[in-house]
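One-letter residues, chain by chain:
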Amino acid sequence: MRLAHCTCARVREYLKHSKTIMIVLGSTENHGNHMPLGTDTLIPEKIAELTEKQSGIMIAPAMPYGAADSLLGYTGTVSLGVEGLLDVLTRITDCLYDYGFRKFIILNGHGGNVKSIEMLGRRLYKKGAYLACLNWWLMAGELNPAWAGGHGGAEETAGVMAIDPALIDCEHIDEPLILQNDIDESMPSAGWDKVSFMGASVTIPRPALSYNKNGWYGPDRPNLATKEWGDAMLSAMADYTAKFIEAFEHVALPKADKEEE
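Anyway, here's the lowdown on the structure attached to this text. Worth saying up front: this structure is predicted, and the values here are computed from it rather than measured.

## So, the overall build of the protein chain
Each helix and strand in the protein chain was counted, giving seven helices and seven strands. For 261 residues, the compact-globule estimate of 2.2 N^0.38 gives 18 Å, and the C-alpha radius of gyration of the protein chain, at 19 Å, lies within 12% of that figure. Its C-alpha atoms give the protein chain principal-axis dimensions of about 60 × 45 × 30 Å. Across the 261 residues of the protein chain, 46% fall into the buried class. The long-range share in the protein chain, meaning contacts at least 24 apart out of those at least 6 apart in sequence, stands at 75%. Of the charged side chains in the protein chain, 23 are positive and 34 negative, and the gap between their average positions amounts to 10 Å.

## Observations regarding helix α7 (residues 227-248)
Compared with an ideal rise of 1.5 Å per residue, which puts 22 residues at 32 Å, α7 spans 31 Å between its outermost C-alpha atoms and is within 8% of the ideal. Where α7 is concerned, the buried positions are W229, G230, M233, L234, M237, A238, T241, A242, I245 and F248. Check the buried side of α7 and you find it contacts β1 (20-25), α2 (39-52), β3 (103-108), β4 (130-135), α5 (136-143) and α6 (154-163).

## Looking at the pairing of strand β7 (residues 200-203)
Two strands pair when backbone bridges link them, and strand β6 (residues 194-197) and β7 are joined in this way by four bridges, in the antiparallel orientation. By the bridge assignment for β7, K194 is matched with T203.

## Examining the packing of aromatic side chains
Applying the stated criterion to the full structure yields four aromatic pairs. Their ring planes at 50° and their centres at 5.9 Å tell us that Y125 and Y130 sit as a pair that is tilted. According to the relative accessible area criterion, Y130 is partly exposed, its value standing at 25%. Plain terms: the ring middles of F244 and F248 are 5.2 Å apart, the flat faces sit at 25° to each other, and that makes the pair stacked. Within this pair, F244 and its partner F248 are both found in helix α7, separated by four residues, close to a single helical turn. Residue classification places F244 among the partly exposed residues on the basis of a relative accessible area of 24%. By the ring-pair criterion, three or more aromatic residues cluster together here, those being Y125, Y130, F244 and F248. Here the basic side chain of R102 rests over the ring of Y97, its NZ or CZ set 3.6 Å away from the ring centre.

## Quick word on the sheet that holds strand β5 (residues 189-191)
If you walk across this open sheet you meet the three strands as β5-β6-β7, and the pairing is antiparallel. If you trace the sheet from one side to the other, it starts and ends with β5 and β7, each paired once. Recorded for the sheet is a direction-independent mean angle of 45° between the axes of neighbouring strands. Two strands pair when backbone bridges link them, and β5 and β6 are joined in this way by two bridges, in the antiparallel orientation. Its bridge partner lying in β6, S189 is registered against V195.

## Focus: the pairing of strand β2 (residues 58-63)
Two strands pair when backbone bridges link them, and β1 and β2 are joined in this way by four bridges, in the parallel orientation. Of the residues in β2, the one forming a bridge with I21 is M58. You can see the chain leave β1, run along α2 and come back into β2, and the turn it takes is right-handed.

## Quick notes on the sheet that holds β3
Across the sheet, which stays open at both edges, the four strands sit in the order β2-β1-β3-β4 with parallel pairing between neighbours. The sheet terminates laterally at β2 and β4, the two strands that pair on one side only. Averaged over all neighbouring strand pairs, the angle between strand axes comes to 20°, with direction disregarded. Across the sheet, helix α3 (residues 81-99) lies against β1, β2 and β3, angled at about 160° from β1, the strand it touches most.

## Notes on the environment of Y217
Mapped onto the elements of the fold, Y217 is located in the loop between β7 and α7. Linking Y217 and A154, residues 63 residues apart in sequence, is a C-alpha distance of 9.9 Å. Residues in contact with Y217, not counting those within four places in the same chain, are G150, H151, L177, L179, A190, G191, W192 and N212. One polar contact links the side chain of Y217 to the main-chain carbonyl oxygen of A190, over a distance of 3.4 Å.

Conventions we followed
- Residues numbered from 1 in each chain as written.
- Predicted model: local features only at pLDDT ≥ 70, side-chain atom pairs only at ≥ 80, totals over all residues.
- Heavy atoms only, no water.
- Helix = DSSP H or I, 4+ residues; strand = E, 2+ residues; numbered from the N terminus.
- Rg over C-alpha atoms; globule rule 2.2 N^0.38 Å.
- Buried < 20%, exposed > 50% of the residue type's maximum accessible area, 1.4 Å probe, protein only.
- Contact = heavy atoms within 4.5 Å.
- Lys, Arg positive; Asp, Glu negative; His and termini not counted.
- Charge placed at Lys NZ, Arg CZ, Asp CG, Glu CD.
- Expected span 1.5 Å × (residues − 1).
- Pairing = 2+ DSSP bridges.
- Phe/Tyr/Trp six-rings, centres within 6.5 Å; stacked < 30°, edge-to-face > 60°.
- Lys NZ or Arg CZ within 6 Å of the ring centre and 35° of its normal.
- Axes fitted to C-alpha atoms, helices over the stretch in contact; angles between N-to-C directions.
- Right-handed = clockwise from strand over helix to strand, strands pointing away.
- Polar contact = N/O pair within 3.5 Å; in protein donor to acceptor, adjacent residues only side chain to side chain.

Listed below in structure tokens is the structure:
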């Protein structure tokens, strides 16, 4: 059931039997030269679509922008930042809370959004509500370790293939991971914001563009992805999400902090 497709009366009717709503949260950002900028929104949107076939949950319109500051500089990337995203999510959930929603499920497609989501969840808890965050790309790897992957690697590439293979630029899908030692030769780049020094990893926050030429990262090479992988993975995520929603509906709400009432 889509919030955007409902009348006010239909939402009021829904709230008589359920206080749960799903918010699809994505991002618009670089995922390598082979992937669309909307990857982090397209995939959770598809999971929500598949989940809708199994569940009567209310689904809010997808939010296509997130906190992606580390990827700014790659053409087309847009970021609200952690505080900006928190502000937007707070306004959205405050409105929904005022109408009677008390259980919020965020189907999240981007790791950079997590900090804002966690801050929001603690705020809602004080108001007597719950927020559950489903980070699909991490959960998929837990459901099947063979699916685990990195940013713009085979896992996400397979997810996009399941939506529309034409969205993948096959001319660039074979590009290798290209890390550049931007700090010092004694501290080679070792992944997301990390350098390696004397056998250990050190985090040095900086724009990804300074050390990653094409923008994808992970142990899973994009050219290993298949549509069949993506179909199975997104279907499994939808099955899991539908079962989680059913269980979450029966969870007792926390008591509101009196100062928040």
